[in-house]
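For reference, the chains in residue letters:
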Amino acid sequence: MTINVNRLRCYDLPTLYAGTYTLELDELDLRKSFVRLKVYTGQQWEWVHYPTRYNRYFEHRRAEEGWETESPKLVLNKQGAAIHFLQTKTIRAQKIVESKRDPDLVTVAVDLNVKQLAVMTVRQHGKIVATHFVSDQGLDQHRYRHLKRITKKQWQSGRPVKGERSNQQLWRHIRCQNTDSAHKTARAIVEACEQYPGCVLLFERLRAIKPKGESRSRRLNRKQANQLKGKINQLAKEKAYAIAVVSVEVNPHGTSQYCARCGAKGLRFSLQAGQRVQGLGGKLFFCPMCHYECHADFNASCNVHHSFFREFHWQPLAQKSG
Ligand SMILES: [Zn+2]
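The present account deals with the structure reproduced in this document.

Turning our attention to the overall build of the protein. Helix and strand content of the protein: six helices and 17 strands. When burial is assessed residue by residue, the protein has 39% of its 322 residues classed as buried. Restricting the contact set of the protein to residue pairs at least 6 apart, pairs at least 24 apart contribute 60%. In the structure as shown, the protein presents an accessible area of about 19,900 Å², 51% of it carried by carbon and sulfur atoms.

In this description, an aromatic ring pair is defined by two values, namely the gap between the centres and the angle between the planes. By the definition in use, this model includes two aromatic pairs. An angle of 80° between the planes, with centres 6.5 Å apart, marks the rings of F269 and F286 as edge-to-face. Residue F269 is found in strand β14 (residues 267-272), and its partner F286 is found in strand β16 (residues 284-286); the two are separated by 17 residues along the sequence. Taken together, a centroid distance of 4.9 Å and an interplanar angle of 70° make the contact between F308 and F309 edge-to-face. Residue F309 is classed as partly exposed on the basis of its relative accessible area of 26%. A cation over an aromatic ring shows up here: K100 above the ring of F308, its NZ or CZ 4.6 Å from the ring centre. One residue, R276, lies across the ring of F269, its end atom 4.3 Å from the ring centre.

With that settled, the discussion passes to the pattern of salt bridges. The final tally for this structure, using the stated rule, is eight salt bridges. A salt bridge links R276 to E293; the nearest nitrogen and oxygen atoms lie 2.1 Å apart. In this pair, R276 is assigned in strand β15 (residues 275-278) and E293 in strand β17 (residues 293-295), connecting sequence segments 17 residues apart. Overall, R276 belongs to the partly exposed group, its relative accessible area being 47%. For E293, a relative accessible area of 42% corresponds to the partly exposed category.

Reading guide: rules and limits
Residues numbered from 1 in each chain as written. Predicted model: local features only at pLDDT ≥ 70, side-chain atom pairs only at ≥ 80, totals over all residues. Heavy atoms only, no water. Helix = DSSP H or I, 4+ residues; strand = E, 2+ residues; numbered from the N terminus. Buried < 20%, exposed > 50% of the residue type's maximum accessible area, 1.4 Å probe, protein only. Contact = heavy atoms within 4.5 Å. Areas by Shrake-Rupley, 256 points an atom, 1.4 Å probe, with all protein chains shown as cover. Phe/Tyr/Trp six-rings, centres within 6.5 Å; stacked < 30°, edge-to-face > 60°. Lys NZ or Arg CZ within 6 Å of the ring centre and 35° of its normal. Salt bridge = Lys/Arg side-chain N within 4 Å of Asp/Glu carboxyl O.

Treat this as a map of the structure, not an account of what it does.
Rendered as structure tokens:
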């Protein structure tokens with residue numbers, strides 16, 4: 001919760017004690033609520049009303065069971081002052097070591113990618129019981145076009161112009177879209193977990209793939225895609241923990257290269273006009289040992305479970321368990 005304060009002059013008032021503030025949180029129309037603060041004007045203490053500004057998530061959590069609002073804290077910065085209401089919830093979750101011993105344990109593995117933002121596979125009793133794909137809905141292409149425009153403008157003006165207005169707007173647009181799809185993807189991941197109470201959420205430890213070569217706009221786009229991955233990862237963990245689902249980061253070694261069925265090293269290929277074209281950029285996976293063929297991201301997602309349970313020989317053994 002934030003309040004706009006321009007006039008407020010505060011002299012070292014980090015904690016608000018009962019009697020120095022009132023806030024009617026249970027009013028019907030919260031959009032018009034205000035906070036009453038006892039303020040020192042220079043001569044005397046006065047009660048002053050300040051309008052409040054807050055987001056709907058705060059309201060959502062307040063209505064939900066299990067969340068408690070703690071005593072408010074006044075936070076001062078250069079722009080003004082804000083009152084922070086820390087909301088807390090006690091979570092009871094099993095330790096990973098204990099969960100791992102449970103024979104009925106459900107694991108939800110997530111593979112984060114660029115075009116398929118998240119590929120989730122749900123596994124129980126050694127079998128994949130459900131798969132969910134979250135597409136980026138063309139976000140990557142869309143963002144690439146914007147970045148191309150930005151780099152073109154910079155090229156025309158000779159050097160990057162930092163304060164240029166239209167570029168700022170474009171950047172804001174790109175940032176907003178990234179944040180939005182990060183929240184949506186994280187929500188989808190948590191919704192998948194919600195169906196299996198007591199499950200464990202598995203992520204690959206994120207590797208920063210260095211954007212090199214190619215054009216400047218492509219490098220920028222890769223960088224944005226990496227940031228989006230990080231955001232999805234962080235938000236999904238937070239949202240999952242709120243429903244008592246613990247997440248684990250597993251070793252990402254080999255998840256995209258090896259066969260999820262037999263553990264042999266596989267090949268990547270794509271179909272172009274009905275012809276198999278081998279190459280690392282291919283979205284399909286082929287195993288030369290057991291002739292297993294599938295979507296490469298699906299294969300990687302299945303391998304995340306193997307990495308968690310340490311099932312194949314390609315798993316480095318010297319790793320400490322999580
Ligand atoms: Zn195989």
